Amino acid sequence: FTPYVSPTHLEYLRRNASEGVRARSYLPPGPRVHCRPHTSAREHLQECLERMWEYAWWGGVILVSQRHAEALAGVHGSPFGWVPKQNPDRTENLEEGRIVHDQQEPNAGTPKEDHPPARCATVAQVARQILWAKYCFPYAEVLIGKRDVARAFAWEWVHEDDVWMFASDLPGEPWGVPTDITALS
């Protein structure tokens with residue numbers, strides 16, 4: 001494992017695994033900011049609630065009712081939204097969608113230049129890999145799939161100093177909770 005990963009990168013990965021990923025924000029925590037879901041999320045509220053419950057079950061989200069408001073001091077709520085998934089032909093699938101966070105306000109203090117690059121294979125690298133596979137296995141069919149990683153962002157811990165930036169408020173009434181529920185990532 002080590003010969004293929006630089007020592008600096010390996011140290012970075014180990015630190016993220018043990019301490020959590022830093023948001024690299026220059027904004028300090030401020031007063032508690034409440035939010036309401038966007039219209040798109042309100043139209044799919046049951047799906048939002050189910051998704052947050054699933055994330056809580058997996059340990060990726062903590063759900064807190066407003067009865068514990070003192071524990072939420074400094075938390076900045078960012079509204080949920082819902083966007084339709086795309087079909088392979090790039091048309092929108094209005095039956096299926098994904099829940100998204102509108103992080104515009106917290107992102108204002110988080111310059112993208114301070115984040116490591118999100119590397120993806122280039123077209124040339126993919127082509128080279130296909131040609132190599134066809135050369136090594138001439139009678140095998142080469143199949144390519146572009147897949148999503150379920151709960152990809154839930155698998156990464158957020159550093160405890162940055163949790164205040166990753167929250168959203170949902171109405172508690174559908175669950176029988178008299179107050180709003182805050183989901184902390």
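Conventions adopted
For every chain, the first residue of its written sequence is number 1, and the numbers climb from 1 along that sequence. The model is predicted, so local features are restricted to residues of pLDDT at least 70 and side-chain atom pairs to those at 80 or more, both for listing and for counting; the totals for chains, interfaces and linings are taken over all residues. For the side-chain quantities, the full set of heavy atoms in the structure was used; hydrogens and water were omitted. Whenever Lys or Arg places a side-chain nitrogen within 4 Å of a carboxyl oxygen from Asp or Glu, that contact is recorded as a salt bridge. Helix and strand definitions here come from DSSP, where helices need a minimum of 4 consecutive H or I residues and strands a minimum of 2 consecutive E residues; each element is numbered from the N-terminal end. Here's how the labels work: a residue is buried when its accessible area is under 20% of the maximum for its type, exposed when over 50%, partly exposed in between, all with a 1.4 Å probe on protein chains only. For two strands to be treated as a pair, DSSP must find no fewer than two bridges joining them. In summary, the pairing rule links any two rings of Phe, Tyr or Trp, Trp by its six-membered ring, whose centres are within 6.5 Å, and it sorts them by plane angle into stacked for under 30 degrees, edge-to-face for over 60 and tilted for everything else.

Participant: What should I look at first to understand the pattern of salt bridges in this one?
Facilitator: Think of it this way: side chains of opposite charge can pair up when their charged atoms draw near. Tallying each qualifying case throughout the model produces 5 salt bridges. Residue R15 is joined to E11 by a salt bridge in which the shortest nitrogen-to-oxygen separation is 3.8 Å. Of this pair, R15 and E11 are both found in helix α1 (residues 7-19), 4 residues apart, which corresponds to roughly one turn of the helix. Given a relative accessible area of 48%, E11 falls into the partly exposed group. One salt bridge connects R32 with D169, and the closest N-O pair in it is separated by 2.8 Å.

Participant: For this particular structure, what's the right way to read the pairing of strand β5 (residues 181-184)?
Facilitator: As a general feature of sheets, a regular strand has side chains that alternate between the two faces. With burial as the criterion, each face of β5 is covered, one bearing I181 and A183 and the other bearing T182 and L184. Both strand β1 (residues 62-65) and β5 contribute to a ladder of 4 bridges, which runs antiparallel. Opposite I62, over in β5, you have L184 as the bridge partner. Note that strand β4 (residues 167-170) and β5 share 4 bridges and pair antiparallel. Across the sheet, residue L170 finds its bridge partner in β5, namely I181.

Participant: Please explain the packing of aromatic side chains as it appears in this structure.
Facilitator: What characterises a pair of aromatic rings is the spacing of the ring centres plus the angle enclosed by the ring planes. Taken as a whole, this structure holds 2 aromatic pairs when the rule is applied. Ring centres of W53 and W175 lie 6.1 Å apart, and the angle between their planes is 75 degrees; on these two criteria the pair is classed as edge-to-face. You can see W53 sitting in helix α3 (residues 45-58) and its partner W175 sitting in the loop between β4 and β5, a full 122 residues away along the chain. Residues W57 and W58 carry aromatic rings whose centres are separated by 5.5 Å and whose planes lie at 85 degrees to one another, so their mutual orientation is edge-to-face. Relative accessible area serves as the criterion here: at 66%, W57 is assigned to the exposed category. By relative accessible area, which is 45% here, W58 ends up partly exposed.

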